[in-house]
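Take a look at the letters that make up each chain.
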Amino acid sequence: MDLTLVMQGVLSGLLFGGVYSLMAVGLTLIFGVMRVVNFAHGDMMVWGMYLAYMLATRAGVDPYVSFLVCAAALFALGLLVQRGLVDRIVDAPHEMQILLMLGVALVLENVALLAFGPEPTRVRSPLASATLWLGPVFVDVARLVTFLVAVTLTSALGAFLYRTDLGRTIRAAADNTYGALVIGTDVRRVYAVAFGVGAACVGAAGALVSPILPFQPSTGLSLSVASFNIVIIGGMGSLLGAFVGGLLVSLAESLGAVFLKPSLKELFSFSLLIVILLFRPAGLFGRRSA
Amino acid sequence: MKWALAGGVVALVALPAVLSSYALTLFILIFFYGFLGQAWNIVGGYAGQLSAGHAAFVGVGGYTATMLSIELGLTPWVGMLVGGALAALLGAIIGYLGFRFGLRGFYFVLLTVAFAEICRVAVSNIDALGGPLGLYITFTGNPRQFQFQDGRVYYYIALALMLLATLIAWAIERRRFGVYLAAIREDEAAAEALGVNAFKYKMLAMVVSSFLTGVGGTFYAFYLFSLQPNTLFGIPLSVEIIIRPIVGGAGTLFGPILGSFILTPLAEISRRYLGQGGLYGAHLIAYGVLLIGVVLFLPEGAYPRLRRALARRAGATR
């Protein structure tokens, strides 16, 4: 095996991992606060991609600028889904929550199919064709910028959750909903904000990845599955776990593509999942009572 | 109740005499999804362990019986049991990983999704299993090959499967096993404190459920004459399996059947009328809206609601 090829795989895997991390942080935030699994997570991300696509083709805005708009739009969508639907079933049996989110996922995916058709597409950005050479390996500039922005956003989210009052309230409600209610927290508002922020994460992640990853409406499903995988590996509800898990899974997929063949790359990340479940069943950073 | 049930079964047995071939197909699908839903119901409903990857068992069962038939000439009537056994083995592995440390709730949901995807990716990459294109079964019309010229035979097999699974669910419900499962579903910690071996009974429920689902895989493969990894192992099939019992009422004996009688015709009819004219996905949007509506307006499932309504009417007439 060529060492350069392996180094190249490690590098591009880690760089792509930034997007995975941002995506998984959104899922784990929603789960941690509301104990609801967002089965529509990947489909929301695809909407982030198509928004970036429309902004790029209609208004000529580069996805590396428009990701902020996409995040804001998805925040609104998340808020709407939470207030209109999820809020009514927070106390319903788990299977009903799953059914609801599957319904939302079906609607989101197929509205995209109706609006944009089934063909794969990609957003053009001038950055996507630029490369940097670091000794023997090259760095795809688009991937580098995507990585840096994604990591910055994830850190900003961390700062929001740990340094601001609203963020602390969200964590309090996640830790102990009843306790938060007792001290007078508006838990409904916290839920809405958390769902909105979780959706905004995939809005931004979708826009950022749109110049790198060709996408179509059905991409949402595999992105949802990838986020589930990452969140179990990292530990459900753990932000740090989602961040590290995103990098790890992306690394595993990238190395899987190098050592085996690209169509087997998911097998690598799923094997990682099984290993983690065997030795650390609650995930890397998870607590036992998930 | 007993008489109504017997009457219903007799009516279903007599029905093919008057059905058009399209209606016959529709009923075969209703029974088949009712069967899969009932199989899921044992672990997902009664035990409350929400497996969202049951397609994996359909795939393992279907591929096993097909390969045994193609390579060794083994009749699918035996192959379906081998397929069921392998599916049960996979169910035991997934259950072991998931239940061993008492990982519950959504952890298990995501674990089962991941396992179904592992199987899908693996099978898509094994050339001996046909890779991503899958396997095709040549139609001979030979009953020994699980193939029939007359569509009514598929009808009766599907009906028998659905009744069999319902009989098994009924037997579980009546026995101590069913009570243990209900206790585990409602409060696992309390059940364990009372001495219920939660791991053992969850494993048992998983094995029974995956065995039946694996048997269903053989029917699916030999009814469609073709197997593709994306169809047999894909998440969309897992979703089809779980939504019917949930809509009908998870953990109730007739929920999966009622759910299938509600959703299967709606899915087929909306596909027939909305899926045309290049309106890609319109029928799935309608389907999604329907699921959301069920959750908002029938949050306990259709069957408990129906039972209450019937009881109220019976009370009023008395």
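The present account deals with the structure reproduced in this document.

### A word on the overall build of chain B
Item 1. When you go through chain B residue by residue, the secondary structure sums to 14 helices and 2 strands.
Item 2. The C-alpha atoms of chain B give a radius of gyration of 20 Å, which matches the 20 Å a tight globule of 318 residues would have.
Item 3. Every one of the 318 residues in chain B was classed for burial, and the buried ones make up 56%.
Item 4. Taking the contacts inside chain B whose residues are at least 6 apart along the sequence as the reference set, 77% of them involve residues at least 24 apart.

### Regarding the overall build of chain A
Item 1. Per the secondary structure count, chain A includes 11 helices and 2 strands.
Item 2. Walking chain A from its N terminus toward its C terminus, one meets helices and strands in the order α-α-α-α-β-β-α-α-α-α-α-α-α.
Item 3. Along the first, second and third principal axes, the C-alpha set of chain A runs to 60 × 50 × 35 Å.
Item 4. Taking all 290 residues of chain A together, the buried fraction comes to 54%.
Item 5. At a minimum sequence separation of 6, the contacts of chain A that also span at least 24 residues come to 79%.
Item 6. Computed over 17 positive and 14 negative side-chain charges, the inter-centroid distance for chain A is 5 Å.

### Some remarks on the environment of A:S271
Item 1. The topology assignment puts A:S271 in helix α11 (residues 265-279).
Item 2. Taking the C-alpha atoms as reference points, A:S271 and A:P120, separated by 151 residues in sequence, lie 28 Å from one another.

### Some words on the layout of surface pockets
Residues and elements named next belong to chain B.
Item 1. In this structure, the second largest pocket occupies an estimated 830 Å³ of space.
Item 2. Lining the second largest pocket we find 21 residues, and of these M1, A4, L5, F254 and I257 sit closest to its centre.
Item 3. Every element with two or more residues in the lining of the second largest pocket is listed here: α1 (2-14), α6 (151-174), α12 (255-274) and α14 (302-317).
Item 4. For the lining of the second largest pocket, the element with the most residues is α1, which contributes 6 residues.
Item 5. Partitioned by chemical class, the residues of the lining of the second largest pocket number 17 nonpolar, 2 polar and 2 charged.

### What to know about the packing of helix α11 (residues 235-248) of chain B against α12(B)
Residues and elements named next belong to chain B.
Item 1. Interhelical geometry of α11 versus α12 gives an angle of 110° and a closest axis separation of 7 Å. The angle between α11 and α12 places the two elements in the roughly perpendicular class. Packed against α11, whose contacting residues are I243, R244, P245, V247 and G248, the element α12 presents G255, P256, G259, S260, L263 and T264 at the interface.
Item 2. Here the residues of the contact of α11 with α12 are counted per class, giving 5 nonpolar, 5 polar and 1 charged.

### Brief notes about the interface of chain B and chain A
Item 1. With 46 residues of chain B at the contact, the number on the chain A side is 46 residues.
Item 2. Buried surface at the junction of chain B and chain A, both sides included, amounts to about 4100 Å², of which 84% is carbon and sulfur.
Item 3. Looking at the side of chain B facing chain A, the largest losses of area belong to B:F106, B:Y107 and B:L110, adding up to 19% of the total buried there.
Item 4. Linking chain B with chain A are 0 salt bridges, by the criterion used here.
Item 5. One can count 0 residue pairs in polar contact (both at pLDDT 80 or more) joining chain B with chain A.

### So, the side chain of B:S226
Item 1. With respect to the secondary-structure elements, B:S226 resides in strand β2 (residues 226-227).
Item 2. With residues up to four places along the chain from it excluded, the contact list for B:S226 reads B:L135, B:Y136 and B:A221.

### Let's talk about the pattern of salt bridges
Oppositely charged side chains can form a pair if their charged atoms are brought close together.
Item 1. Within this structure, the stated rule accounts for 10 salt bridges over all chains.
Item 2. Among the ionic pairs, A:D87 bridges to A:R188, the shortest N-O distance being 2.8 Å. Within this pair, whereas A:D87 is found in the loop between α3 (63-84) and α4 (94-116), its partner A:R188 is found in helix α8 (residues 187-209), the two being separated by 101 residues in sequence.
Item 3. On the basis of relative accessibility, which here comes to 18%, the residue A:D87 falls in the buried class.
Item 4. Of the residues examined, A:R188 reaches a relative accessible area of 45% and is grouped as partly exposed.
Item 5. Among the salt bridges present, the one from B:R305 reaches B:E300, with a minimum N-O distance of 3.3 Å.
Item 6. For B:E300, a relative accessible area of 33% corresponds to the partly exposed category.
Item 7. A single network of salt bridges, built from pairs that share partners, joins B:E300, B:R305 and B:R308.

### Let's talk about α8(A)
Item 1. In a regular helix each residue adds 1.5 Å, so 23 residues correspond to 33 Å; α8(A) covers 33 Å between its end C-alpha atoms and thus fits that length.
Item 2. Summarising burial for α8(A): 21 of the 23 residues are buried, a large majority.

### What about unusual backbone geometry?
Item 1. For A:R35, which is not glycine, the phi dihedral falls at a positive 60°.
Item 2. Owing to a relative accessible area of 36%, A:R35 belongs among the partly exposed residues under this scheme.

### Some words on a nonpolar patch on the surface
Residues and elements named next belong to chain B.
Item 1. Together, W77, V78, V82, L86, L89 and I93 line one region of the surface with nonpolar side chains, adding up to about 490 Å² of accessible area.
Item 2. Looking at the element boundaries, I93 is found in helix α4 (residues 76-99).
Item 3. Given the relative accessible area of 41%, I93 is considered partly exposed.

Scoring rules and cut-offs
Residues numbered from 1 in each chain as written. Chains lettered and ligands numbered in written order. Predicted model: local features only at pLDDT ≥ 70, side-chain atom pairs only at ≥ 80, totals over all residues. Heavy atoms only, no water. Helix = DSSP H or I, 4+ residues; strand = E, 2+ residues; numbered from the N terminus. Rg over C-alpha atoms; globule rule 2.2 N^0.38 Å. Buried < 20%, exposed > 50% of the residue type's maximum accessible area, 1.4 Å probe, protein only. Contact = heavy atoms within 4.5 Å. Lys, Arg positive; Asp, Glu negative; His and termini not counted. Charge placed at Lys NZ, Arg CZ, Asp CG, Glu CD. 1 Å grid on protein atoms, 1.4 Å probe; cavity = no way out; pocket = protein on both sides within 12 Å on 5 of 7 lines; lining within 4 Å. Points joined across faces, edges and corners; volume = space filled by probe spheres on them. Nonpolar A, V, L, I, M, F, W, Y, C, P; charged D, E, K, R; others polar. Axes fitted to C-alpha atoms, helices over the stretch in contact; angles between N-to-C directions. Parallel < 35°, antiparallel > 145°, perpendicular 65-115°, else oblique. Buried area = accessible area lost by both parts, 1.4 Å probe. Salt bridge = Lys/Arg side-chain N within 4 Å of Asp/Glu carboxyl O. Polar contact = N/O pair within 3.5 Å; in protein donor to acceptor, adjacent residues only side chain to side chain. Expected span 1.5 Å × (residues − 1). Patch = residues over 30% accessible without salt bridge, like charges linked within 9 Å, V, L, I, M, F, W, Y side chains within 5 Å. Areas by Shrake-Rupley, 256 points an atom, 1.4 Å probe, with all protein chains shown as cover.

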